[in-house]
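# Fold and geometry: a report
The residues making up each chain are set out below.
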Amino acid sequence: MYDLQEKDLKYIWHPCSQMKDYEDFPPIIIERGEGAYIFDTLGKRYIDAVSSWWVNLFGHCNKRINKAVKKQLDSLEHVIFANFSHKPAIELAEKIVEITPKGLNKVFFADNGSSAVEVALKLSFQYHQQTENCEKKRFVALSDAYHGETLGALAVGGLDLYSKIYKPLMMNTIKVPGPDCYRCKYGKEYTTCEAECFCEMEEVLAKKHKEICAVIIEPMVQAAAGMKIYSAQYLIKLKEMCSAYNIHLIADEIAVGFGRTGKMFACEHGGISPDIMCLSKGLTAGYMPLSLVVTTEKIYNAFYIDYIELKAFMHSHSYTGNPLACAAALESLKIFKDDDVLNTNREKSELIRKLTEPLAHSHPYVGEFRQIGMIAALELVENKAEKKGFDWKQRVGYNIYKIALRKGLLLRPLGNVLYFMPPYVVGKKDIEDIVNGTFDAINEYFG
């Protein structure tokens, strides 16, 4: 492993990392994966409690998906997607239209989550320009939002860690304070409230609707913000106002789609259909880069006219509609159906709650345990009564992460928030090990 670590650090610049940290904590070289586990070159096993950045649904090296990808590889690896198509893409688009909320019936292919967000923003903007609403040129997003790291996606994000330095390059987005349910200023609980905090969004939309193209939102959970879960009533109210003011509602389901929140898509919690939905991450069960932007016939028709009118959507990616990725996605969707995954996950999410809740409630440094479906989070605080978080410079979550890795547990904290988003193949013993291992690491850090 050590020779490989040296070569890695000689040549590779890792994502979302301060590379100087690697001097004391070099990258772990993974040799293989199996189910909910990954194994390094020394044979040590780690439980992948975060699904390798939220992408893995059915375990590493899933036999069914392996077989589907290998079969596709023998017939077609890739082909240009302009003026050409292929069976896996056609079948995937058909299936996605079938399972997404009503009214979403046109599928545009891209190759990662940030790209899907860029597509969605461009579609919305161009739609309004081509439908006599030329004054609509701005987007609304929530504070603490995360939608990716290309410039357009950063512009509708709200986390300075990723975007602050690039602000001179970014478009001027309208930011609205997002729901902060742990520290709710109305003293409400997101499970029972009427989304009283929506009043700030309501005020912005009422005042500036004539200049707004779209509102983009992560339905139900602001993931990178610390798995901040909020009320479905917020979605319901937002959809109603967007419809009234001819504003597109863009649902970024990249992190929360495909069963993560307990329903196939997070929008289902509010019973709403967005105008545009972005999908990626779990789409291919973690196998291949692929993203989809699913939209309405109404938006599609605004681009459908003779070429000479110059209203086509001139956006492309080299690997658009890659057949291997489509094959993986199709097999993943078949597993959902064959294994009754959503119902099975309810039992697993309940076990996570049952094991974690009492430990969190009694722990002096765990301010809140929050959960929706197969997403669970622990927010660490310095003062539980005051809900005062630790100074970010202490890197509490990061240090607990390092301890957990020594114990064979892969966590990927978001600041002071530790979370579980495991592959759906985890068993009872795996869940017990994740929960107990996390609290062992927390307790070791705090002494």
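None of these values were measured; they are calculated from a predicted model.

### Points about the pairing of strand E14 (residues 375-383)
The element E14 is extensively covered by neighbouring structure, given that 7 of its 9 residues are classed as buried. Sheet topology places strand E13 (residues 366-372) next to E14; 6 bridges connect them, and they run antiparallel. If you follow Glu 368 over to E14, its bridge partner there is Glu 379. Counted between consecutive antiparallel strands, the loop separating E13 from E14 contains 2 residues, among which Gly 373 sits at a positive phi close to 60 degrees. Where E14 and strand E15 (residues 388-389) come together, 2 bridges link them in antiparallel fashion. The residue of E15 that forms the bridge with Asn 383 is Lys 388. The turn joining E14 and E15, which pair antiparallel and follow one another in sequence, is formed by 4 residues; a positive phi near 55 degrees is taken by Lys 387.

### Examining the packing of helix H3 (residues 63-73) against helix H11 (residues 323-338)
Put simply, H3 and H11 touch, their axes get as near as 9 Å, and they point 145 degrees apart. Relative to H11, the crossing made by H3 is right-handed. Listed contacts from H11 to Arg 64, Ile 65, Ala 68, Val 69, Gln 72 and Leu 73 of H3 are Pro 323, Leu 324, Ala 327, Ala 328, Glu 331, Lys 334, Ile 335 and Asp 338. Taken together, the residues of the contact of H3 with H11 break down into 9 nonpolar, 1 polar and 4 charged.

### Concerning a nonpolar patch on the surface
A contiguous nonpolar patch, built from Leu 151, Ile 165, Tyr 166 and Leu 169 and spanning about 450 Å² of accessible area, is present on the exposed surface. Looking at where Tyr 166 falls in the secondary structure, it is placed in the loop between helix H7 (160-163) and strand E6 (174-176). Taking relative accessible area as the criterion, Tyr 166 reaches 39% and is therefore assigned partly exposed.

### Things to note about the side chain of Thr 100
Looking at where Thr 100 falls in the secondary structure, it is placed in the loop between helix H4 (87-99) and strand E4 (104-110). Residue Thr 100 is classed as buried on the basis of its relative accessible area, which comes to 7%. Within the local environment of Thr 100, its side chain forms a polar contact with the backbone oxygen of Ile 96, the two atoms lying 2.7 Å apart. Leave out the neighbours within four places in its chain, and Thr 100 touches Phe 265, Met 277, Leu 279 and Val 294.

### Things to note about unusual backbone geometry
For residues other than glycine, phi is negative in most cases, and the peptide bonds are mostly trans. Positive phi values are uncommon outside glycine, yet Cys 16 reaches one of about 50 degrees. If you trace the backbone, Cys 16 turns up in the loop between helix H1 (2-11) and strand E1 (30-34). Here Asp 340, not a glycine, exhibits a phi torsion of approximately 50 degrees, which is positive. Turning to its location among the elements, Asp 340 is positioned in the loop between H11 and helix H12 (341-362).

### A word on the pattern of salt bridges
Within this structure, the stated rule accounts for 23 salt bridges. For the salt bridge of Glu 200 with Lys 185, the shortest nitrogen-to-oxygen distance reads 3.6 Å. Placement of Glu 200 in helix H8 (residues 199-208) and of Lys 185 in the loop between E6 and H8 is noted, with a sequence separation of 15 residues between them. Look at Glu 200 and you get partly exposed, because its relative accessible area is 23%. If you follow the salt bridges from partner to partner, you end up with Arg 183, Glu 368, Arg 370 and Glu 379 in one network.

### Considerations on the nonpolar core
By size, the foremost hydrophobic cluster in this structure holds 111 residues, and its most contacted members are Leu 92, Met 201, Met 227 and Phe 258. The contacts of Leu 92, once residues within four sequence positions are left out, are Phe 109, Leu 290, Leu 292, Cys 326, Ala 329, Leu 330 and Leu 333. Ala 116, Tyr 127, Cys 213 and Ile 254 belong to the second largest nonpolar core, which has 23 residues in total.

### A short note on H3
What H3 keeps buried is the set Ile 65, Ala 68, Val 69 and Gln 72. Burial along H3 is one-sided: seen end-on, the buried residues are contained in an arc of 95 degrees. For H3, exposure combined with an orientation more than 90 degrees from the buried face picks out Lys 63, Lys 67, Lys 70 and Lys 71. Those residues of H3 that are buried lie in contact with H4 and H11. Structurally, the start of H3 carries an N-cap: the backbone nitrogen of Arg 64 is 3.0 Å from a side-chain oxygen of Asn 62.

### Thoughts on the sheet that holds strand E3 (residues 45-48)
Read across the sheet, 4 strands follow the order E1-E2-E3-E16 without closing on themselves; strand pairing throughout is mixed. Either end of the sheet is taken by a strand with one partner, and the two such strands are E1 and strand E16 (409-410). The pairing of E3 with E16 spans 2 bridges and is parallel. For Asp 48, the partnering residue across the bridge sits in E16 and is Leu 410.

Reading the values: rules and limits
- Residues numbered from 1 in each chain as written.
- Predicted model: local features only at pLDDT ≥ 70, side-chain atom pairs only at ≥ 80, totals over all residues.
- Heavy atoms only, no water.
- Buried < 20%, exposed > 50% of the residue type's maximum accessible area, 1.4 Å probe, protein only.
- Helix = DSSP H or I, 4+ residues; strand = E, 2+ residues; numbered from the N terminus.
- Pairing = 2+ DSSP bridges.
- Axes fitted to C-alpha atoms, helices over the stretch in contact; angles between N-to-C directions.
- Left-handed = near helix turned anticlockwise from the far one by under 90°.
- Contact = heavy atoms within 4.5 Å.
- Nonpolar A, V, L, I, M, F, W, Y, C, P; charged D, E, K, R; others polar.
- Patch = residues over 30% accessible without salt bridge, like charges linked within 9 Å, V, L, I, M, F, W, Y side chains within 5 Å.
- Areas by Shrake-Rupley, 256 points an atom, 1.4 Å probe, with all protein chains shown as cover.
- Salt bridge = Lys/Arg side-chain N within 4 Å of Asp/Glu carboxyl O.
- Polar contact = N/O pair within 3.5 Å; in protein donor to acceptor, adjacent residues only side chain to side chain.
- Core = buried A, V, L, I, M, F, W, Y, C linked by side-chain atoms within 4.5 Å.
- Arc of directions from axis to C-beta.

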